[in-house]
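# Analysis of the macromolecular model
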Amino acid sequence: MTTEAKTSRVSGFHKKTPRERLDFVADFAGLDGDTVAHLADMGNLDPHLADHLIENVIATMSIPVGIATNMRVDGADVLIPMATEESSVVAAVCNAARQCYDSGGFTTSMSDAAMIAQVQLVGVSDPHHARLRILERRDEIKAICDACDPVLVRLGGGFRDVEVRIVDAPGGAMVVTHLIVDTRDAMGANAVNSMAEALAPHAAAWTGGRVYLRILSNYADRRLARARATWTCDAIGGPEVRDGIVSAYHFAAADPYRAATHNKGIMNGISAVVLATGNDTRAVEAGAHAYAARDGRYSSLTRWEVTADGDLAGSIEVPMAVGLIGGATKLHPTARANLKILGATTADRLARIIAAVGLAQNFSALKALATTGIQKGHMALHARNIAMMAGAAGAEVDAVARILVERGTVRVDVAEAELKRLRG
Ligand code: MEV
């Protein structure tokens, strides 16, 4: 018997409705009725909106939104929505924030809130001369850029500066123009990309070079969010805990293998708020990691020191290209609701709160790692997931999870056996 080979070449797939696409996929992948019904339920996202946010939509995927409590940022208490699939991430922020609440919580600030767009020119015979030819036209460049987005200009944003770098690339020198643009409450990708595209033919004419790329840089080092907080030595359990945290930081500062994990923990917090507010997690992640390597070696995004009083001082500085308008931020109803909960009325405030969350997350991870180890807390939360995977429901979840933790074996087979025993 021969079976017809399945093909992923589907003509007009994008023109079908989500349900038609789902039926095709169900047939292709052999999905059963329950799975199809599950995928067809788009939850609290309007199917029409989902179908227009991205291409070829068949379903939506829900991620839990948890609220980080105890956060005080620049003297104001805030509730912080965090969208994450990872257990212990929200609890970590709550715990860190509780331990520095009485010492004032988080103090934040922001550099300029500017994005960078790049225009790449190749084949320029006199790159240094060409660099000056571009810089001399600052006023003309400003006019070209600002004409792309009069609304942004009316809101006080727009072109701020132009810089030209000569990049020593494998194929020869490139003349790379940077447009520095204040995008106000927008993340700004569209605004700066349009400006780079508008400038490109002029830059080619001024330099005799050939333009290739015209796109923003996610290394948003003109849009740095900063946060700092002090944890008293008493509040965190004494000098040994404090010194353990500082030593954990020293490890990350000196070793890229550790720094990657250290910063991943920070991004657990940062990305969860970025996602909850409908912002671009990949843009923020790319910027954070590029910034972590700014000195030529990948290192920690945070710093931990001991104050003159013997307390623990933590600080973070990280590119934070987030906005309140545009894209999913404005369209996604859950993102809108989360922004309302957060109460951030400017992109600047949102960016600063997110930096504070990153610092809080790092505090909790380092404290756990430097003391009891991460597995104790993780396993307690993970045990609940394992219990549910074994089929536990309602009160059974906590009951099975507790037994798994007590026995020190958080495994599905053990959970199944315990569930069977509980049910008699
Ligand atoms: C786990 O998602 C994050 C941590 O590994 C972070 C860290 O090691 O600092 C716990």
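Look up a bit, the structure's there.
Keep in mind that what you see is a predicted model, and the values were worked out from it rather than measured. (Residues numbered from 1 in each chain as written. Predicted model: local features only at pLDDT ≥ 70, side-chain atom pairs only at ≥ 80, totals over all residues. Heavy atoms only, no water.)

### A word on the side chain of S364
Tracing the backbone through its elements, the reader meets S364 in helix 14 (residues 347–370). Its relative accessible area of 13% is what places S364 among the buried residues. Only 2.6 Å separates the side chain of S364 from the backbone oxygen of A92, close enough to count as a polar contact. Discounting residues that sit within four places of it in the chain, S364 has contacts with A92, N95 and A96. (Helix = DSSP H or I, 4+ residues; strand = E, 2+ residues; numbered from the N terminus. Buried < 20%, exposed > 50% of the residue type's maximum accessible area, 1.4 Å probe, protein only. Polar contact = N/O pair within 3.5 Å; in protein donor to acceptor, adjacent residues only side chain to side chain. Contact = heavy atoms within 4.5 Å.)

### Here's the deal with the pattern of salt bridges
Counted under the stated rule, the structure contains 21 salt bridges. Between R384 and D398 there is a salt bridge, with the nearest N and O atoms lying 2.3 Å from each other. Taken together, the residues span a long stretch of sequence, with R384 in helix 15 (residues 374–389) and D398 in helix 16 (residues 395–407) at a distance of 14 residues. Shared partners join several salt bridges into a network, and the residues in it are D74, D348, R349 and R352. (Salt bridge = Lys/Arg side-chain N within 4 Å of Asp/Glu carboxyl O.)

### As for the packing of helix 10 (residues 256–276) against helix 11 (residues 281–292)
To characterise two packed helices, one gives the angle between the axes of the helices and the distance between these axes. The interhelical angle for the contact between helix 10 and helix 11, taken along N-to-C directions, is 150 degrees, at an axis separation of 9 Å. Our classification of the angle between helix 10 and helix 11 gives roughly antiparallel. Considering how the two elements wind past one another, helix 10 and helix 11 form a crossing that is right-handed. Touching N263, M267, I270, S271, V274 and L275 of helix 10 are T281, V284, E285, A288, H289 and A292, all from helix 11. Looking at the contact of helix 10 with helix 11, its residues break down into 7 nonpolar, 4 polar and 1 charged. (Axes fitted to C-alpha atoms, helices over the stretch in contact; angles between N-to-C directions. Parallel < 35°, antiparallel > 145°, perpendicular 65-115°, else oblique. Left-handed = near helix turned anticlockwise from the far one by under 90°. Nonpolar A, V, L, I, M, F, W, Y, C, P; charged D, E, K, R; others polar.)

### Observations concerning the site of the ligand
In the region of the ligand, the neighbouring residues are E86, R258, T261, H262, K264, G265, N268, A365, L369 and I374. Within the side chain of R258, a nitrogen or oxygen atom sits 2.7 Å from an oxygen atom of the ligand. In isolation the ligand has 300 Å² of accessible area, and contact with the protein removes 85% of it. Contributions of two or more residues to the shell around the ligand are made by helix 10 and helix 14. With 6 residues, helix 10 is the single largest residue contributor to the shell around the ligand. Among the residues making up the shell around the ligand, the classes are represented as 3 nonpolar, 4 polar and 3 charged. (Near = heavy atom within 4 Å. Areas by Shrake-Rupley, 256 points an atom, 1.4 Å probe, with all protein chains shown as cover.)

### Quick look at the environment of D77
As for its placement among the helices and strands, D77 is situated in strand 2 (residues 76–83). With 281 residues separating them along the chain, D77 and G358 place their C-alpha atoms 17 Å apart. Within the structure, the side chain of D77 is placed 2.6 Å from the side chain of R72, a separation counted as a polar contact. At 2.6 Å, the side chain of D77 forms a polar contact with the side chain of Y101.

### Brief notes about the sheet that holds strand 6 (residues 172–182)
The 4 strands lie next to each other as 5-6-4-7, forming an open sheet whose pairing is antiparallel. Each end of this open sheet is capped by a strand with a single partner; those strands are strand 5 (158–169) and strand 7 (210–217). Ignoring which end each strand starts from, the neighbouring axes of this sheet average 20 degrees apart. Direction of pairing for strand 4 (residues 114–122) relative to strand 6: antiparallel, over a ladder of 8 bridges. Each residue of the ladder has a partner; that of A117, found in strand 6, is L179. In this fold helix 5 (residues 127–135) packs onto strand 4, strand 5 and strand 6, with an angle of close to 175 degrees to the strand it touches most, strand 5. (Pairing = 2+ DSSP bridges.)

### Overview of unusual backbone geometry
Phi is positive for D74, which is not a glycine, with a value near 55 degrees. With respect to the helices, strands and loops of the structure, D74 is situated in the loop between strand 1 (65–73) and strand 2. Of note in this structure, R184 is not a glycine but carries a positive phi near 50 degrees. Note that R184 resides in the loop between strand 6 and helix 8 (189–207). Here R184 falls in the partly exposed class, since its relative accessible area comes to 36%.

### What about the nonpolar core?
If you look at the biggest cluster of nonpolar residues, it comprises 61 residues, and the most contacted ones within it are M71, I80, M82, F106, W231, I270 and W304. Per element, the largest residue contribution to this core is 11 residues, and it comes from helix 14. Excluding residues within four positions of it along the chain, W231 makes contact with A96, Q99, C100, S103, F106, I236, W304, D311, L312, G314, L359 and F363. (Core = buried A, V, L, I, M, F, W, Y, C linked by side-chain atoms within 4.5 Å.)

### Some thoughts on the side chain of N338
With respect to the element layout, N338 can be found in helix 13 (residues 333–342). Here N338 falls in the buried class, since its relative accessible area comes to 5%. When near neighbours in sequence (up to four residues on either side) are disregarded, N338 contacts V65, P81 and A276.

### Some thoughts on helix 16
Here helix 16 is 13 residues long and its end C-alpha atoms lie 19 Å apart, about the 18 Å a rise of 1.5 Å per residue gives. Buried within helix 16 we find V397, A399, V400, A401, I403 and L404. In this structure, the buried side of helix 16 is in contact with helix 15 and helix 17 (412–422). Where helix 16 terminates, the next one or two residues include G408, which has phi positive at roughly 75 degrees. (Expected span 1.5 Å × (residues − 1).)

### Describing the sheet that holds strand 9 (residues 302–306)
In sheet architecture, strand pairing relies on hydrogen bonds along the backbone and comes in two forms, parallel and antiparallel. If you walk across this open sheet you meet the 4 strands as 3-8-10-9, and the pairing is antiparallel. Only two strands of the sheet have a single neighbouring strand rather than two, namely strand 3 (107–110) and strand 9. Recorded for the sheet is a direction-independent mean angle of 15 degrees between the axes of neighbouring strands. On top of the sheet, helix 14 reaches strand 3, strand 8 (224–231), strand 9 and strand 10 (312–319); it is set at about 45 degrees to strand 8, its chief contact.

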